[in-house]
Amino acid sequence: MKICVIGLGYIGLPTAAMFANAGHTVIGVDKKQAVVDALNKGEILIEEEGLADFIKKPVASGHLCAKNSVEEADAFIVSVPTPITDEKKADMRFVESATKDIVSVLKEGNLVILESTSPIGTVDSLMKPILDTAGVNYYLGHSPERVIPGKILYELVHNSRVAGGYTKEAAHMIAELYKSFVEGEIYETDARTAEMAKLSENTFRDVNIAFANELAKICEQQGINVWELIEICNKHPRVNIHQPGPGVGGHCIAVDPWFIVEKEPGLAQIINLSRHTNDGMPQYVADRSKAILGDLKGKTIAILGTTYKPDVDDMRESPIIYLRKILEDAGAIVNINDPFVAEKNLDVSCKDVDLIILGVNHKQYKELDFAHLAGIVKQKNFFDTRNFCDGDKAKAAGFRYELLGK
Ligand SMILES: NC(=O)c1ccc[n+]([C@@H]2O[C@H](COP(=O)([O-])OP(=O)(O)OC[C@H]3O[C@@H](n4cnc5c(N)ncnc54)[C@H](O)[C@@H]3O)[C@@H](O)[C@H]2O)c1
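Residues numbered from 1 in each chain as written. Predicted model: local features only at pLDDT ≥ 70, side-chain atom pairs only at ≥ 80, totals over all residues.

(A) Highlighting the overall build of the protein chain. Counting secondary structure elements, the protein chain contains 17 helices and 13 strands. Relative to a compact globule of 406 residues, whose C-alpha radius of gyration would be 22 Å, the protein chain shows 24 Å and is just as compact. The buried share among the 406 residues of the protein chain stands at 46%. (Helix = DSSP H or I, 4+ residues; strand = E, 2+ residues; numbered from the N terminus. Rg over C-alpha atoms; globule rule 2.2 N^0.38 Å. Buried ≥ 20, exposed ≤ 12 C-beta atoms within 10 Å, placed from the backbone.)

(B) Layout of the sheet that holds strand β5 (residues 111-114). Within the open sheet, the 8 strands sit side by side as β3-β2-β1-β4-β5-β6-β7-β8. Their pairing is mixed. Both edges of this open sheet fall to β3 (64-67) and β8 (186-190), since each of them pairs with a single strand only. Going from strand to strand, the sheet's axes swing by 25° on average, the running direction of each strand aside. Here helix α1 (residues 12-21) sits on the sheet in contact with β1 (2-6), β2 (25-29), β3 and β4 (75-78), set at roughly 165° to β2. Across the sheet, helix α8 (residues 168-178) is in contact with β4, β5, β6 (139-142), β7 (161-165) and β8; its angle to β7 comes to roughly 145°. (Pairing = 2+ DSSP bridges. Axes fitted to C-alpha atoms, helices over the stretch in contact; angles between N-to-C directions. Contact = placed C-beta atoms within 7 Å.)

(C) Representation of the site of the ligand in the model. Close to the ligand lie 26 residues, the nearest being Gly 7, Gly 9, Tyr 10, Ile 11 and Ser 116. Of the residues forming the shell around the ligand, the biggest block, 3 residues, is contributed by helix α5 (residues 93-103). Here the residues of the shell around the ligand are counted per class, giving 13 nonpolar, 9 polar and 4 charged. (Near = placed C-beta within 6 Å. Nonpolar A, V, L, I, M, F, W, Y, C, P; charged D, E, K, R; others polar.)

(D) Layout of the domain arrangement of the protein chain. When its domains are assigned, the protein chain resolves into domain 1 (2-197) and domain 2 (221-406). Here domain 1 and domain 2 have C-alpha centroids that lie 36 Å from each other. Contact with domain 1, which involves 10 residues of that partner, is made by 9 residues of domain 2. Grouping the constituent residues of the side of domain 1 that touches domain 2 by class yields 6 nonpolar, 2 polar and 2 charged. (Domains from an automatic or database assignment.)

(E) Examining the packing of helix α6 (residues 122-132) against helix α9 (residues 191-222) more closely. Running from N to C, α6 and α9 point in directions that differ by 115°, and their axes come no closer than 9 Å. Across the interface between the two elements, Thr 122, Val 123 and Asp 124 from α6 touch Ala 191, Arg 192 and Glu 195 from α9. Within the contact of α6 with α9, the residues separate by chemical class into 2 nonpolar, 1 polar and 3 charged.

(F) Representation of the nonpolar core within the structure. One finds Ile 301, Ile 303, Ile 356 and Ile 357 to be the most contacted residues of the largest nonpolar core, which totals 61 residues. Lining this core are residues from two domains, each supplying at least three of them: domain 1 (2-197) and domain 2 (221-406). Discounting chain neighbours no more than four positions away, the residues touching Ile 301 are Ser 289, Leu 327, Ala 332, Val 334, Val 353, Asp 354, Leu 355 and Ile 357. Ranked by size, the runner-up nonpolar core spans 55 residues in total, among them Val 5, Leu 8, Ile 77 and Leu 156. (Core = buried A, V, L, I, M, F, W, Y, C linked by C-beta atoms within 7 Å.)

(G) A look at the pairing of β5. Across the two faces of β5 the burial is the same, with Leu 111 and Ile 113 and Val 112 and Leu 114 all buried. Alignment of β4 against β5, held across 4 bridges, turns out to be parallel. Pairing of Val 78 across the sheet is with Leu 114, part of β5. You can see the chain leave β4, run along α5 and come back into β5, and the turn it takes is right-handed. Judged from the 4 bridges that link them, β5 and β6 form a sheet pairing that is parallel. Note that in β6 the partner of Leu 114 across the bridge is His 142. Assessed by its sense of winding, the connection that carries the chain from β5 through α6 to β6 is right-handed. (Right-handed = clockwise from strand over helix to strand, strands pointing away.)

(H) View of the packing of α9 against helix α11 (residues 256-263). Interaxial distance between α9 and α11 falls to 8 Å at its minimum, and their mutual angle equals 110°. Between α9 and α11, the crossing angle belongs to the class labelled roughly perpendicular. Here Leu 199, Asn 202, Thr 203 and Asp 206 of α9 come into contact with α11, specifically with Asp 256, Pro 257, Phe 259 and Ile 260. For the contact of α9 with α11, the residue count by class is 4 nonpolar, 2 polar and 2 charged. (Parallel < 35°, antiparallel > 145°, perpendicular 65-115°, else oblique.)

In structure tokens, the structure reads:
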């Protein structure tokens, strides 16, 4: 088949490469000229394990190329961004624009698949009315992506997938197309269920983390260590409590639940509360920092880690960005250390500080030299928001060691 993949980012590019390596002819389309030029030279601009090599063969053989506008094909896959606005509403401009681009080239019998994580009703209320203006019969549906960055090539093949069709035939056609490379189960359903499935998966994790954060606060009041508590509870065969922390970031878990809240504000109560609980964690960490230092005004604080999760360079929606702002607004001077995206040298970041906060559990912070740090800080205060560092070593070096959730 000839497949047009619209949006060559973290999702679109590996997907395009999968179809091309499976023998289809794939045209990747992106509005960014640099992305198009790079791919046509056999290069990529994103970091993803194995991807740089994986695209080389299909580009060389002509099975994969990039263009900056959509052209006629048998199938279209839309993998453009679906962010939220400052008002926590879904920003569907990219999906709308990509769908409009398809109209001019849509032919009888074509298949259009939305991969982007989208609010319920995007397929039937946003895309279908636009595509109908082409005046041809076509098949439409949603097959959301579940992969995790860093393991995308493995998970694209091995994860199970949902094929949600506007009609049953569309669902079946989507499933058949993905069978080109998917070895996991492909579950056929309707498009609205597929949309809600993807949102529910990420919301499950957000609500679970909010529960862990609430437990952390309760445990602090009750003199219990929440990390030990969760470890014990998770030994129950049917319990899986996630980990507390300074907040939830990234462009999926911190975003997707809002799509449900926007659609059903009166009903999505636990979901809404969980989002607010997790978004409130940077303030909670700042409040505890204030309890350690007294007034924050004029105090210097080093935060170790600023990305949204460990061992990556991705800062999208990172709660540490908000924590930094809250501390600075309270008059503190904040030094950010991060082996991926900021100052790497701990001596530079921690010199003469009044408090060190462990914000992200990057592996580089696992074996901190507390004896050395004790010699360069102004006040020996350490606040671990991830239960990641060796508290005994910190205390042995003279630090006051504080732990979130204890
Ligand atoms: N990255 C992930 O881990 C992940 C996982 C699951 C689902 N998703 C979802 O997949 C979708 C895409 O995410 P991503 O991380 O690949 O985004 P991305 O920002 O990495 O890439 C999107 C690409 O689309 C291009 N683009 C935007 N509008 C366009 C248009 N009208 N025509 C052509 N190109 C256009 C951009 O230039 C960009 O290169 C989102 O809905 C996201 O929520 C992402």
